[in-house]
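# A structural walkthrough
So you can see what is in the structure, the chains are spelled out below.
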Amino acid sequence: MASVAGVGFSWRSCKPSLLPRPAKPSRAATRLAFTIRNAVSVEKNYALQKSEEIFSAAKELMPGGVNSPVRAFKSVGGQPIVFDSVKGSRMWDVDGNEYIDYVGSWGPAIIGHADDKVNAALIEALKKGTSFGAPCVLENVLAEMVISAVRSIEMVRFVNSGTEACMGVLRLARAFTGRQKLIKFEGCYHGHANAFLVKAGSGVATLGLPDSPGVPKGATVDTLTSPYNDLETVKKLFETHKGEIAAVILEPVVGNAGFIPPKLEFLNGLREITKQDGALLIFDEVMTGFRLAYGGAQEYFGITPDLTTLGKVIGGGLPVGAYGGRKDIMQMVAPAGPMYQAGTLSGNPLAMTAGIHTLKRLTEPGTYEYLDKITSDLTNGILDAGKRAGHEICGGYIRGMFGFFFNAGPVHNFDDAKKSDTAKFARFHRGMLEEGVYLAPSQFEAGFTSLAHTSKDIEQTIEAAERVLKRI
């Protein structure tokens, strides 16, 4: 286990023991149907009959049977799970199967699902109404909490999703600088707005689509891309487009191409280059905000961007997003300034209530030390089990965020991540489901722990991983 540039995240590369190397599978053998059909079943009874029935009906009602692509299990094959309830670190599907959950609704469940105190506060808020479409005092309360926590934010605008936050922040960066071009990084996902769907990760990678049909060329002509952790390419882009780049946006820790940590010199370099050129540095902290530290990745790494997007955790599981930054920039936003952005449900009392009570819980002593401990135990346990079973596997973690690849590693960017054995991950994912562990249904997604996860949860997960890794 090694720290990078003095920062305490862990990244490990586990090469296989000296076992006979299996022959490379044929193209047909890598088909997911074959993968799942030939996976070794565990002895316990694991049935998904009701999930199958519900999902079959859903496909006639919704595109692909889902409302977000990764839920369809396209990259891991097999039957998607239809869930019925959640509590703490656990989830139950419609067939009654119980799982230890490491998806956490893709990040917001940092204090655990359906927290009693948050639910009680929501019930009281619900009695007063679900939406006002007008100011409420709760907006002030959560805004003050966000501003006091996040070093780059002097003013904040609440919206309804991470995608909406990134749309707003890009428009703001262009309005403030008077420039049009944007630099993003390959494999980083900033929502499904047109300008960002260029070499995106996450669901786009899961479906094998390099870009999305329907995005006009004019919407992406000003989007420039670079490999993550590659400062030299960024320098060349600034040299070629000097005085034309409005902003650089990135996930300070990639979560939408799998868990990929930054090199500290990369983040520092981006901060220096953008300052010199007059461009803005934007941290998309929709995943990392309040998860790596109370002040997010910018507190953890000690780097202050100009603008920040937030989501997930600050809504405590309800739909919410936000963007914020320096006061002089944020005063460009209507009605204070000319840059228009609006939303009827923005700042609604339910989302604000859930966010306030979630953040209150995160301020308790020992919160992030606990997340670091359980995530370290989990990640190292899985990596060690993979090594003992003879697999090429690497991975790492920071506080409540982790990931691993079936890849000798290390993984510094999306091209490195794409070298992973995704067919093996599909077998592993299905095996873990059968063992009662719910992981993100894609090799290209990070995992999340919560304050509700116990040492027993971690032990059970590692034991399950050991069994599955031995048989895949």
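The structure we're discussing is the one just above.
Notes on the structure follow. (Residues numbered from 1 in each chain as written. Predicted model: local features only at pLDDT ≥ 70, side-chain atom pairs only at ≥ 80, totals over all residues. Heavy atoms only, no water.)

## Digging into the packing of aromatic side chains
The way to describe two aromatic rings as a pair is by their centre distance and the angle between their planes. Note the cut-off: Here a pair means two rings of Phe, Tyr or Trp (six-membered ring of Trp) with centres within 6.5 Å. Their orientation is stacked below 30 degrees between planes, edge-to-face above 60, and tilted elsewhere. The way it works is that DSSP assigns letters per residue, a run of H or I at least four long becomes a helix, a run of E at least two long becomes a strand, and they are numbered from the N terminus. Classification of residues uses two cut-offs on accessible area relative to the type maximum, computed with a 1.4 Å probe and protein chains only: under 20% is buried, over 50% is exposed, and between them is partly exposed. Placement of a charge over a ring requires the Lys NZ or Arg CZ to be within 6 Å of the ring centre, with the centre-to-atom vector within 35 degrees of the ring normal.
Following the criterion strictly, the structure yields 14 aromatic pairs and no others. Ring geometry for phenylalanine 83 versus tyrosine 99: centroids 5.6 Å apart, planes at 75°, classification edge-to-face. Here phenylalanine 83 is found in strand E3 (residues 83–87), whereas its partner tyrosine 99 is found in strand E5 (residues 98–101), with 16 residues between them in sequence. The class for phenylalanine 83 is partly exposed, based on a relative accessible area of 24%. By relative accessible area, tyrosine 99 is classed as buried at 0%. On the numbers, 6.3 Å between centres and 90° between planes, the contact of phenylalanine 404 with phenylalanine 406 is edge-to-face. You'll find phenylalanine 404 and phenylalanine 406 in the same group, each marked buried. Ring pairing ties together the aromatic residues Tyr46, Phe83, Tyr99 and Tyr438, which thus form one cluster. Sitting above the plane of the phenylalanine 414 ring, lysine 418 keeps its charged end 5.0 Å from the centroid.

## A look at empty space enclosed by the protein
Counted only if it meets this: Think of a 1 Å grid over the protein atoms and nothing else: a 1.4 Å probe that fits but is trapped marks a cavity, an open set flanked by protein within 12 Å on at least five of seven lines marks a pocket, and residues with an atom within 4 Å of a point count as lining. Grid points are joined across faces, edges and corners, and a volume is the space filled by probe spheres set on the points. Residues are grouped as follows: Ala, Val, Leu, Ile, Met, Phe, Trp, Tyr, Cys and Pro are nonpolar; Asp, Glu, Lys and Arg are charged; every other residue, Gly included, is polar.
Within this structure, the stated rule accounts for 3 cavities of 30 Å³ or more. Of the pockets and cavities examined, the largest cavity occupies roughly 100 Å³. Along its surface, the largest cavity is lined by Tyr102, Phe402, Gly403, Phe404, Phe425, Leu439, Ala440, Ser442, Gln443, Glu445, Ala446 and Gly447. Here the lining of the largest cavity takes 3 residues from strand E14 (residues 401–405), the largest share from any one element. Of the residues assigned to the lining of the largest cavity, the class counts are 7 nonpolar, 4 polar and 1 charged. Counted as a void, the second largest cavity has a volume near 60 Å³. Along its surface, the second largest cavity is lined by Gly88, Ser89, Asp101, Gly104, Ala109, His113, Arg291, Phe448, Thr449, Ser450 and His453. Here the lining of the second largest cavity is composed, by residue class, of 2 nonpolar, 7 polar and 2 charged.

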